[in-house]
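Here is what each chain is made of, one letter per residue.
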Amino acid sequence: MAKIKDKSTGFFAEFKKFISRGNVIDMAVGVIIGGAFTAIVNSLVNDILMPLIGMLLAGVDFKKLSVTIPWGNKPELLFGSFIQAVITFLLTAFCVFLLIKFINSLHKKKAAPPPAPAADVVLLTEIRDLLKSSTIVPNEEVKEEEKAE
């Protein structure tokens, strides 16, 4: 009996430790806020967007769009409700995308300036620039000048 009690106490202690971690609490808050946000999006789609879309389509009520199958107990396929659910999903996904994009823009780090070049690179760059700016005598002229001396 003692082993069973120890295992259950250990199980509950482990569960308590799991629940009290920060990321689990953050996830729970996210789920609760997500549920509330879904209710807002559902209201936006059902109460504002779908009536406007229905009005543009000559007074179509999407909730009543259905097809009755003529055999058996004549089931009714409510494809209008499905269309509303798809619009709700797309609008919710778009809002989440915008939210994530906004959060990511807040976390962008500014690019660090590039490190200064090493001293030998600076020296070689100066030499290259001096050579480009000076007048270079072609090799043949130098050979002719050496012969003349």
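Presented here is a report on the structure given in the accompanying data block.

Reading the values: rules and limits
Residues numbered from 1 in each chain as written. Predicted model: local features only at pLDDT ≥ 70, side-chain atom pairs only at ≥ 80, totals over all residues. Heavy atoms only, no water. Buried < 20%, exposed > 50% of the residue type's maximum accessible area, 1.4 Å probe, protein only. Salt bridge = Lys/Arg side-chain N within 4 Å of Asp/Glu carboxyl O. Helix = DSSP H or I, 4+ residues; strand = E, 2+ residues; numbered from the N terminus. Contact = heavy atoms within 4.5 Å. Phe/Tyr/Trp six-rings, centres within 6.5 Å; stacked < 30°, edge-to-face > 60°.

Here the focus is unusual backbone geometry. Positive phi is not limited to glycine here, since Lys74 has a value of about 55°. The exposed category is assigned to Lys74, whose relative accessible area is 54%.

With that settled, the discussion passes to the pattern of salt bridges. Side-chain pairs of opposite charge can arise where the charged atoms are in close proximity. Counted under the stated rule, the structure contains one salt bridge. Among the salt bridges present, the one from Asp129 reaches Arg128, with a minimum N-O distance of 3.1 Å. Its relative accessible area of 43% is what places Arg128 among the partly exposed residues.

Tracing the backbone shows Thr88 in helix 3 (residues 79–106). Those residues in contact with Thr88 that lie beyond four places of it in its chain are Val41, Asn42 and Val45.

Okay, the packing of aromatic side chains next. In this description, a pair of aromatic rings is defined by centroid distance and the angle of the planes. Enumeration according to the criterion identifies one aromatic pair in this entry. Relative to Phe12, the ring of Phe11 has its centre 5.5 Å away and its plane inclined at 75°; by these criteria the two rings are edge-to-face. Across the pair, exposure class does not vary: Phe11 and Phe12 are exposed alike.

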